[in-house]
Amino acid sequence: MQTKDISFLEFIALVAMLMAMVALTINMMLPAFDQIANDLQVDERYVHLSISLLYLGLGLSQFLFGPISDRFGRKPSIYLGLFIFGAGCTISLISSHIVVLITGQLVQGIGLGAPRTLSIAIVRDRFKGARMARTMSFVMIIYLITPVLSPILGKQIVDGPGWRVLFVLFLSTGLVLLLWIRLRMPETLSPSKRGNLHFKQLWSVAKQLLGNGNSMGFVAILGIHSGVFIAYLNLSQSLYENHYALGADYPYYFASMSTAIGIASFINGKIVERVGMRSIVTTTLIVESLLTMAYLMTIWAGHTEFYGFLLFMFLQLMGYGFIIGNITALAMEPLEKNAGLGSAIIGAVSTILATPISLLIGFLGQGGPTALAIGFMLAALLGLVIISIGKS
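All values derive from a computational prediction rather than experimental measurement.

Peer 1: Quick question: what am I supposed to make of the overall build of the chain here?
Peer 2: Along the backbone of the chain there are 15 helices and zero strands. Radius of gyration (C-alpha) of the chain: 20 Å, near the 21 Å computed for a compact globule of 392 residues. In terms of overall dimensions, the chain has C-alpha extents of about 60 × 50 × 35 Å along its principal axes. Here the chain, with 392 residues, has 59% of them falling under the buried criterion. Look at the contacts in the chain between residues 6 or more apart in sequence, and 86% of them connect residues 24 or more apart. When the accessible surface of the chain is summed, it comes to about 15500 Å², and 67% of that surface belongs to carbon and sulfur atoms. With 24 positive and 17 negative side-chain charges, the chain shows a separation of 16 Å between the mean positions of the two kinds.

What follows is the structure, encoded as structure tokens:
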């Protein structure tokens with residue numbers, strides 16, 4: 001079906017929805033952890049494991065969807081990913097054992113590799129450099145409505161019809177998105193720019209990216225920061241609801257913190273073409289380092305008040321908002337052709353790196369915010385080291 005080119009605003013909204021599928025699937029699940037653990041009669045830590053395995057499936061599958069999209073186009077690859085995602089939602093919906101639920105989450109993650117990878121590739125098909133970073137910032141503003149609203153909606157569903165209805169909603173959202181892409185979005189990768197699935201060509205593109213020290217340094221920064229962010233997601237219910245005794249108000253505090261990323265993304269979209277991506281990232285990492293050191297000193301001095309934690313997390317999530325779009329654009333900068341495979345490698349390597357980091361912090365951080373704060377500090381310091389090495 002031929003489709004006319006869509007407006008810039010609709011393009012941003014559509015790409016934001018593709019990216020938001022991951023956040024929607026995870027953030028709406030967070031308020032359901034207790035109920036799922038009770039229904040399936042397992043320790044809540046096993047439910048946390050399902051989120052980390054979803055991310056693992058997400059990381060591994062990007063190696064599949066990137067090359068497929070470079071050969072056959074972005075739209076058919078998204079269709080395939082949404083179909084696999086729907087299959088995973090169905091498995092999770094009918095699960096009666098934690099192993100089945102974890103399997104469904106893993107399959108969902110594999111399917112989500114398509115929208116996660118190809119949303120970035122679609123932007124790279126149309127923009128590059130600072131214009132790509134600017135576009136990604138505006139995408140992030142809309143995208144971040146999802147983590148603001150989804151835990152609140154998830155809480156309402158969990159308290160009402162129950163956690164299984166979440167997967168019905170995920171299935172419905174995937175279908176709506178598939179129809180929107182089918183009817184409205186033109187194919188962004190022209191036939192003249194498509195490659196093939198020959199191993200030699202794929203390896204050549206992979207070597208181009210993997211051999212680029214700057215790009216892989218940015219991927220490492222992305223992976224480390226993503227790992228700490230995923231750990232925050234996994235620990236959020238334990239911290240807000242149990243450690244700080246917020247009870248049923250947890251989703252509202254979690255949602256309000258998510259606005260920090262949107263604020264940072266909006267500011268970044270306004271200044272990135274003037275200031276430059278690398279300068280913004282470096283400044284943010286310096287501020288993050290100083291902030292986390294100061295916060296850890298207050299914790300070790302015995303000051304663990306809730307509002308101090310809120311301020312710390314708000315500023316950290318603002319930093320994440322400044323880093324994520326700029327780092328992704330910097331890593332993608334050398335790739336004119338084969339943006340799908342490049343995006344896949346970047347997404348897969350960063351996600352695979354993030355998974356053990358999130359599991360380690362999640363295991364150590366059950367008793368309070370200290371492990372999480374140390375994770376943020378190390379991520380910022382390592383980021384500064386990587387940026388410095390890249391300059392030398």
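That covers the picture; the talk isn't over yet.
Peer 1: Please explain the packing of helix H10 (residues 213–243) against helix H11 (residues 250–275) as it appears in this structure.
Peer 2: How two helices sit against one another is set out by the angle between their axes and by the gap between those axes. Axis separation between H10 and H11 bottoms out at 9 Å; the angle between their running directions is 145 degrees. For H10 against H11, the interelement crossing comes out right-handed. Side by side, H10 and H11 meet where Phe229, Tyr232, Leu233, Ser236, Gln237, Tyr240 and Glu241 of the first sit next to Tyr250, Tyr253, Phe254, Met257 and Ile261 of the second. Residues that form the contact of H10 with H11 fall into these classes: nine nonpolar, two polar and one charged.

Peer 1: Is there a simple way to think about helix H1 (residues 8–27) in this case?
Peer 2: Residues separated by three or four positions in an α-helix point in the same direction, a consequence of the helix having 3.6 residues per turn. Look at H1: 27 Å from first C-alpha to last across 20 residues, which is about the 28 Å you get at 1.5 Å a residue. Residue alanine 20 marks the point of greatest curvature in H1, where the axis turns by about 40 degrees.

Peer 1: Any chance you could explain the packing of aromatic side chains here in plain terms?
Peer 2: We describe a pair of aromatic rings using the distance from one ring centre to the other and the angle between the two ring planes. Summed over the entire model, instances satisfying the criterion amount to 15 aromatic pairs. Note that arginine 71 overlies the ring of phenylalanine 72, its terminal NZ or CZ placed 5.0 Å from the centroid. Lying over the aromatic face of phenylalanine 11, arginine 126 brings its terminal NZ or CZ to 4.4 Å of the ring centre.

Peer 1: I keep staring at H10 and nothing clicks. Help me out?
Peer 2: Compared with an ideal rise of 1.5 Å per residue, which puts 31 residues at 45 Å, H10 spans 41 Å between its outermost C-alpha atoms and is within 8% of the ideal. When the local axis directions of H10 are compared, the greatest deviation, roughly 55 degrees, occurs at leucine 235. Counting buried residues along H10, 26 of its 31 residues qualify, which places the element largely inside the surrounding structure. The positive-phi residue at the C-terminal boundary of H10 is alanine 245, with phi of around 55 degrees.

Peer 1: Is there a simple way to think about the nonpolar core in this case?
Peer 2: It is characteristic of soluble globular proteins that their nonpolar side chains tend to be buried jointly. With 115 residues, the main nonpolar core has Leu166, Phe170, Tyr232, Tyr240, Met313 and Leu372 as its most contacted residues. Among the elements that make up this core, the one with the highest residue count is helix H13 (residues 306–332) (16 residues). If sequence neighbours within four positions are ignored, leucine 372 has contacts with Val228, Ala231, Tyr232, Leu239, Met313 and Ile361.

Peer 1: What is the right way to look at the pattern of salt bridges in this model?
Peer 2: Side chains bearing opposite charge may pair, as long as their charged atoms lie close to each other. The tally for this structure, following the rule as stated, stands at four salt bridges. Two residues, aspartate 159 and lysine 155, come together in a salt bridge whose shortest N-O distance is 3.7 Å. With a gap of four residues between them, aspartate 159 and lysine 155 both fall in helix H7 (residues 145–159), about one helical turn apart. Take aspartate 159: its relative accessible area is 53%, and that puts it in the exposed class. It is possible to trace a salt-bridge network through shared partners that takes in Asp70, Arg74 and Asp125.

Peer 1: Teacher, can you tell me more about the side chain of histidine 225 here?
Peer 2: In this structure, histidine 225 sits in helix H10. At 3.0 Å, the side chain of histidine 225 forms a polar contact with the side chain of glutamate 288.

Peer 1: Where do I start with the packing of helix H3 (residues 44–72) against H10 in this structure?
Peer 2: Contact geometry of H3 with H10 gives a least axis separation of 11 Å together with a crossing angle of 155 degrees. As far as their axial angle goes, H10 and H3 are roughly antiparallel. As H3 packs across H10, the resulting crossing turns out to be right-handed. On H10, the residues touching Glu44, His48, Ile51, Ser52 and Tyr55 of H3 are Ile230, Leu233, Asn234 and Gln237. When the residues that make up the contact of H3 with H10 are grouped by side-chain class, the tally is four nonpolar, four polar and one charged.

Cut-offs used in this document
Residues numbered from 1 in each chain as written. Predicted model: local features only at pLDDT ≥ 70, side-chain atom pairs only at ≥ 80, totals over all residues. Heavy atoms only, no water. Helix = DSSP H or I, 4+ residues; strand = E, 2+ residues; numbered from the N terminus. Rg over C-alpha atoms; globule rule 2.2 N^0.38 Å. Buried < 20%, exposed > 50% of the residue type's maximum accessible area, 1.4 Å probe, protein only. Contact = heavy atoms within 4.5 Å. Areas by Shrake-Rupley, 256 points an atom, 1.4 Å probe, with all protein chains shown as cover. Lys, Arg positive; Asp, Glu negative; His and termini not counted. Charge placed at Lys NZ, Arg CZ, Asp CG, Glu CD. Axes fitted to C-alpha atoms, helices over the stretch in contact; angles between N-to-C directions. Left-handed = near helix turned anticlockwise from the far one by under 90°. Nonpolar A, V, L, I, M, F, W, Y, C, P; charged D, E, K, R; others polar. Expected span 1.5 Å × (residues − 1). Bend = angle between axes of the 7 residues up to and from the residue. Phe/Tyr/Trp six-rings, centres within 6.5 Å; stacked < 30°, edge-to-face > 60°. Lys NZ or Arg CZ within 6 Å of the ring centre and 35° of its normal. Core = buried A, V, L, I, M, F, W, Y, C linked by side-chain atoms within 4.5 Å. Salt bridge = Lys/Arg side-chain N within 4 Å of Asp/Glu carboxyl O. Polar contact = N/O pair within 3.5 Å; in protein donor to acceptor, adjacent residues only side chain to side chain. Parallel < 35°, antiparallel > 145°, perpendicular 65-115°, else oblique.

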